[in-house]
Structure formats: structure tokens, C-alpha cells
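# Commentary on secondary and tertiary structure
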Amino acid sequence: MFQSFIDFMGSTGIAAMITNAKDAIAAGASGFDQFVAVIGTPLMIAIACVLLYLAIVKKFEPLLLLPIAFGMLLSNLPMFANSGAIMMHTEFFTDPAYMIDGHLDMQRIFSEGGLLDLLYLGVKLGIYPPLIFLGIGVMTDFGPLIANPKSIILGAAAQLGVFLTFLGALVLGACIPAINFGVKEAASIGIIGGADGPTAIYVTKTLAPALLPAIAIAAYSYMALIPVIQPPIMKLMTTKKERCVVMEQLRPVSKTEKIIFPIVVTIVVALIVPDAVTLVGMLMLGNLAKECGVVERLTKTAENGLMNTITIFLGLTVGATAKASTFLTAETLGIIVLGLIAFCFSTAGGLLLGKIMYKLTGGKVNPLIGSAGVSAVPMAARVSQTVGQKENPANFLLMHAMGPNVAGVIGSAVAAGVFLSMFS
Amino acid sequence: MSLFEALGEGLMVTVIGLIIVFAVLIILMLVMMLMKVVFYKPQNDSHHVPSQQVPAPAPVPAAPVEESNMDETELIAVLTAAVAASLNTSTYHLNIKSYRRIENTSPAWNKAGLKDVIDARF
């Protein structure tokens, strides 16, 4: 009986943690690898707990950050190598030694994979982000955009941050030897500036899967921080007179226009950037289902049940890819800094074009709606509304800002398509 | 990749990428403008009659207030807003003098249908 107790003690997580640390030191790995092997597990659990705190107490995008943080916790629990209890094997998806000719070894994943491995297939095969877009499509009202077509250009200008950050990431990679950013990694980091979680995940899982957790966490955290990040830039770049502009009321949009819009957008995008169609197509399907009004049961499922299910799967598995060896690196720090820069430049890009439109229209456009071109719907539009109302309490910019805001979703999906067609 | 190469490659992608994104969205803008021409018929504004003094409509005859234990000001504010919205005018032009509950005599199926429509909007 005593022997079986000893055997049980040898199989616990505590024993696994000690054994793994000993093995790494015995294997004579380099200094940093040893450091990660010894304190990696407790440190990752601590980071997961900090993220849980941010999600629960600070309410940073809790719907996503909570599953992400818990997924991170689950995949970093101390386990023996080859233990059947391991839920996530990131090496199956990133390490060429576990793949067949650079493709996933499905046989191995199905026979040896844990729960999170199987769920992660939805990310790896690009299933979850488009389905999330389906739900977003149902919740999006393109009316304000159709009523004021010019505002779609603001959604394009806000992609400035995406491309400038791409440039910045390449330069950073060239300057600092510890950071290894090629074009694919740079593209994945740049897309953070689109302020669109599913798009960022969709691009990263194809171009730079190893960076997925860092990019997803950066994108969702900064999205939660938009009300903090944007207003200073907005005040800095606009004059008081510009912020006070009251825009004329939007025209009503007919049902026919709202029904035709998603169909036309899908076709136009497919004709120019086919790689963006997976995302844009699902977005527009959701929107069409809502606007046509004949499939109420489908829209209800897409925006509630389906979307929530996918959110749990997506958050949990993206978090679970954050393993100490790939997450505790200089690259992660670089991504956090570059992600913030991306958000700032995207805001600035939108504002800049907003100012140009203000000049061209003789003061009819309030440049504040430009910053809503980053696609965090509806947070960025609400920030425009709040900043505008501070200058003039009777000014309601919300509906005007929703135009660029939903255009930003299309814009960042197109930017993602551009990157995918260039680098994948 | 050297710094020079990185800058060159990055700038090229930035310029091409921005051009494509702008091109796609500008085409969509033109499509939307075309849609406006084809599908949008502005409603004639003749039946918009704001800015006159509209007397409190529906429940005009003064009747004793039934539920005096309610927060009246809030109820009146809601009623004023509802009347203003249905008349397409501002609450400044309205002056609610009295209100009275009218029994809802519509069939049960109509009520259920109405409730369904209201629920679907939320």
C-alpha cells in the first residue's frame, strides 16, 4: 500500500514540475532555455492569473480574455512529457518534426491529441474566425455607411497603422538580433492595427502560428483599451473648432439597399482580393440574413448560440497555444509595443483623412469620426461620440461614426486578404 | 534581412497594400452611390409638420388619474416622448394636460403578434 502511495506521489503535477526542470538542466540547454524550463511553468500560470484578474475585475473584453487566460492556465499546468492528461500539444501544429511534409499530421492529432488539440483544429483550419464574422455580420447595421458612402474611405485610411506597423516590425527585426521578425511575422503583427480580433487570428494562424497567443492577447487587450488610447490622439490632432462640427442628419436607407449591399460587397471584394472573401463573405452572409428578415431563426442562432460557442472555443484554444517556450520571448515584448503603435497609427490615419474631408467639404465632416475607422465595433464609434460630446453636449456623432466603424471591418478584412495573398 | 532591405520591402508592401485597400473601398463607395441613384427615392417632405403647437392628442378628455402611487413625472415624460416620436416633432411643442388608460380591445392573437415583433427588435 505504501508503494502505491509513492507511485501516486510520483505521478503528481508537483513531481512533474521538478522532473521537467531537472531534465532540462541535465540536458545542458542554453542559459535562457534552462531559465524557461525552471520558472516557465509558474511564471506562465502567474501571467494567466493576471489576465484573469484583468478580465474579471478590470473587465477588459472579458468575453474573450477570460477563456484566453484560462486556456493559458490549462495548457501550462505541470505535466510529465507524454502524459495522457496533456490537453494541448502546440508542437503538433508548429514543429516540423511532428508534421508530414509541412502539413498537419491529422492521424497523430486525432489519436494522441487532447481536448484543446481537437478544438484548436478550428483555429488552425481557419473555421472559427469566419464563423465569428457571421455573428458580427448579424449584429452589424450597414445603414449609416450606405447613407454616407464617403465614410467608407475613413475605414480605409485607418488601415494605415496596419501597414506602417508591418514596416516597423520589419525594421525592428532587422535592428535587434534577438527579435526574429520576417515578412510573415511582420504582417501578422501589423494586422493588430486593424483592431479586429478574428481577422488578426485568421492571418496569424496562417502566416506566423507561433506568435498567435501574443498577437491575440495584444489585439484584444488594446481593443479594450481603446477608450484610453484614442482620446489623447484625437485631441492632439484636431482643433476645438473641428471637434465642434455638427454633421447633418443621415438620410433614411431603404430595405432594398440594405439587402443589395452585402451581396454587392461580397462580389466586389471577391473580384479584387479573393483571399479576403472567407472573412468578408461570412460577414455579409450574416448581414444579409438579418436584413432580408425571412430567416429570423438563423440570425438568432448566428448571433447568440453559434457566436458564443465559437467564442469559447476560440478563446480557450488561442490561450492554450501560449506555452512558456514560445511566449516568454523578446518577440512577445516586441509584439506588445508594436501592437500599441499599430493602434495609434490607425487612429491617426483615420483622423488625418477626417481632417482632409473636413477641409474638402468646407467643414461639414467632423474629423472625430475618422478615428472610428479602426474596426473595434462599436467601441471606437462610442469614443468619437464621447469626445465630440465633451466639446458640444448637443452633438451626436454616434451614427455618423458607425459608418467608418463598420467600414473598418471591411477594410481590415481586405488588408488581411492583401497580406495573405502576398505572403502565404 | 538588413535594415536597408527591410525598409525597401516594407515600404513597397505598405504602398501597394494601401493602394489595394483604398481601391476596393473606393469601388464600394461608388457602388453605394450608384445604389442611392437607383434605389433611393426621397420621401416628399410635405407631411412633415413640426414646429406648430400640437395639442396633446390621443387621450384628450381629462379623466381622474387612476394610479396615483406611480412616479407620475416619469410616466408623463415617457408619454410625451412617445407622442413626439409618433408626430415627428419635438417634445418642446407638446404640453400633456392629462392622460387616461384605454382598454386594449384588440384580439389576443394581434397582441401576441405585436409582442413578437417587439421582442424581435431587441
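Procedures and definitions
- Residues numbered from 1 in each chain as written.
- Chains lettered and ligands numbered in written order.
- Predicted model: local features only at pLDDT ≥ 70, side-chain atom pairs only at ≥ 80, totals over all residues.
- Heavy atoms only, no water.
- Helix = DSSP H or I, 4+ residues; strand = E, 2+ residues; numbered from the N terminus.
- Buried < 20%, exposed > 50% of the residue type's maximum accessible area, 1.4 Å probe, protein only.
- Contact = heavy atoms within 4.5 Å.
- Areas by Shrake-Rupley, 256 points an atom, 1.4 Å probe, with all protein chains shown as cover.
- Axes fitted to C-alpha atoms, helices over the stretch in contact; angles between N-to-C directions.
- Left-handed = near helix turned anticlockwise from the far one by under 90°.
- Nonpolar A, V, L, I, M, F, W, Y, C, P; charged D, E, K, R; others polar.
- Salt bridge = Lys/Arg side-chain N within 4 Å of Asp/Glu carboxyl O.
- Domains from an automatic or database assignment.
- Buried area = accessible area lost by both parts, 1.4 Å probe.
- UniProt positions renumbered as here; feature names shortened; annotations may be inferred.
- Patch = residues over 30% accessible without salt bridge, like charges linked within 9 Å, V, L, I, M, F, W, Y side chains within 5 Å.
- Phe/Tyr/Trp six-rings, centres within 6.5 Å; stacked < 30°, edge-to-face > 60°.
- 1 Å grid on protein atoms, 1.4 Å probe; cavity = no way out; pocket = protein on both sides within 12 Å on 5 of 7 lines; lining within 4 Å.
- Points joined across faces, edges and corners; volume = space filled by probe spheres on them.
- Core = buried A, V, L, I, M, F, W, Y, C linked by side-chain atoms within 4.5 Å.
- pLDDT = per-residue confidence, 0-100.

Counting its regular elements, chain B contains three helices and two strands. Overall, chain B shows an N-to-C arrangement of helices and strands of α-β-α-β-α. The buried share of chain B, taken over its 122 residues, is 19%. In chain B, of all internal contacts separated by at least 6 residues, the share reaching a separation of at least 24 is 68%. Of the accessible surface of chain B, which amounts to about 9,300 Å², a share of 65% is contributed by carbon and sulfur atoms.

Residue and element names in this part refer to chain A. Between helix α8 (residues 128-139) and helix α19 (residues 296-320), whose axes approach to 8 Å, the crossing angle comes to 145°. Here α8 runs over α19; the crossing is left-handed. Contact residues: α8 offers Y128, P129, L131, I132, L134, G135, I136, V138 and M139, while α19 offers T299, A302, E303, L306, M307, I310, T311, F313, L314 and T317. Among the residues forming the contact of α8 with α19, the class breakdown is 14 nonpolar, four polar and one charged.

Let us look at the pattern of salt bridges. All names here are of chain A. One pass over the structure, following the stated rule, counts 10 salt bridges over all chains. With a shortest N-O distance of 3.4 Å, E291 and K290 are connected by a salt bridge. We classify K290 as partly exposed; its relative accessible area is 28%. Because the salt bridges share partners, they merge into one network encompassing D105, R108 and E112.

Attention now moves to the domain arrangement of chain B. It is common to give the size of an interface as the accessible area that goes away when the parts come together. Here the domain parsing of chain B yields domain 1 (1-40) and domain 2 (71-101). Averaged C-alpha coordinates put domain 1 of chain B and domain 2 of chain B at centres separated by 50 Å.

For the rest of this paragraph, the subject is the interface of chain B and chain A. Each partner contributes residues to the interface: chain B has 30 residues there, and chain A has 44 residues. Here chain B packs against chain A, burying approximately 3,100 Å² in sum over the two surfaces, 89% of which is carbon and sulfur. Among the residues of chain B in contact with chain A, L25, M32 and M35 of chain B are the three that bury the most area, contributing 19% of the side total. The tally of links between chain B and chain A comes to zero salt bridges.

A word on the UniProt feature "transmembrane region" (unreviewed entry) in chain B. The UniProt entry lists residues 12-34 of chain B under the feature "transmembrane region" (unreviewed entry), expressed in the numbering used here. Its end C-alpha atoms 33 Å apart, residues 12-34 of chain B is made of 100% helix and 0% strand.

All names here are of chain A. A surface patch of nonpolar side chains, amounting to about 490 Å² of accessible area, comprises I25, F32, F35, V38, I39 and L43. Structurally, F35 is set in helix α3 (residues 31-56). The partly exposed category is assigned to F35, whose relative accessible area is 43%.

With that out of the way, let us pick up unusual backbone geometry. Residues and elements named next belong to chain A. The amide bond that connects V377 to the next residue, P378, takes the cis arrangement and shows omega of -10°. Locating P378 in the fold gives a position in the loop between α21 (330-360) and α22 (379-391). Within the chain, E61 stands out as a residue other than glycine whose phi angle is a positive 35°. Summarising the element assignment, E61 is placed in the loop between α3 and α4 (62-75). With phi around 65°, N82 is a residue other than glycine that occupies positive phi space. Mapped onto the elements, N82 comes out in the loop between α4 and α5 (91-94). Since its relative accessible area comes to 77%, N82 is described here as exposed.

All names here are of chain A. Counted according to the given criterion, the structure contains nine aromatic pairs over all chains. For the pair F166 and F423, a centre-to-centre distance of 5.8 Å together with 20° between the ring planes defines the contact as stacked. Highlighted residues: F166 in helix α11 (residues 160-175) and F423 in helix α23 (residues 398-423), separated in sequence by 257 residues. Pair check on accessibility: F166 and F423 agree, each one buried. Ring centres 6.1 Å apart and planes at 25° place the aromatic pair F419 and F423 in the stacked group. Pair noted here: F419 and F423 are both in helix α23, with a separation of four residues, about one helical turn.

Our focus in this paragraph is the layout of surface pockets. All names here are of chain A. Of the pockets and cavities examined, the largest pocket occupies roughly 1,200 Å³. What lines the largest pocket is a set of 44 residues, among which N20, M79, I86, E91 and K323 lie closest to the centre. Listing elements by their share of the lining of the largest pocket, those giving two or more residues are α2 (13-26), α3, α4, α5, α6 (106-112) and α20 (324-327). Here the element with the most residues in the lining of the largest pocket is α3; it accounts for six residues. Residue classes in the lining of the largest pocket are distributed as 24 nonpolar, 14 polar and six charged.

The next thing to look at is the nonpolar core. Ranked by size, the top nonpolar core spans 137 residues in total, and within it F142, I152, F166, I189, F261, I335 and F419 of chain A carry the most contacts. Examining the composition of this core, we find that 13 residues originate from one element, α23 of chain A, more than from any other. Apart from residues no more than four positions distant in its own chain, F261 of chain A is found in contact with F142, L145, I146, M284 and I410 of chain A together with M32 and M35 of chain B.

Structurally, V268 of chain A is set in helix α17 (residues 255-272). Between the C-alpha atom of V268 of chain A and that of T329 of chain A, which follows or precedes it by 61 residues, the distance is 41 Å. Ignoring any residue separated from it by four or fewer positions in sequence, one finds V268 of chain A in contact with I27, L28 and V31 of chain B.

A separate point is the confidence of the model for chain B. Residue and element names in this part refer to chain B. Across chain B, pLDDT averages 77, with 75% of residues at or above 70. Highest mean pLDDT in chain B belongs to helix α1 (residues 3-39) (92); lowest belongs to strand β1 (residues 54-55) (49). In this model residues 60-66 is a low-confidence stretch, pLDDT under 50, and it forms 10 contacts with partners more than four residues away in sequence or in other chains. For this predicted complex, the interface confidence score (ipTM) comes to 0.89, while the overall pTM stands at 0.81.

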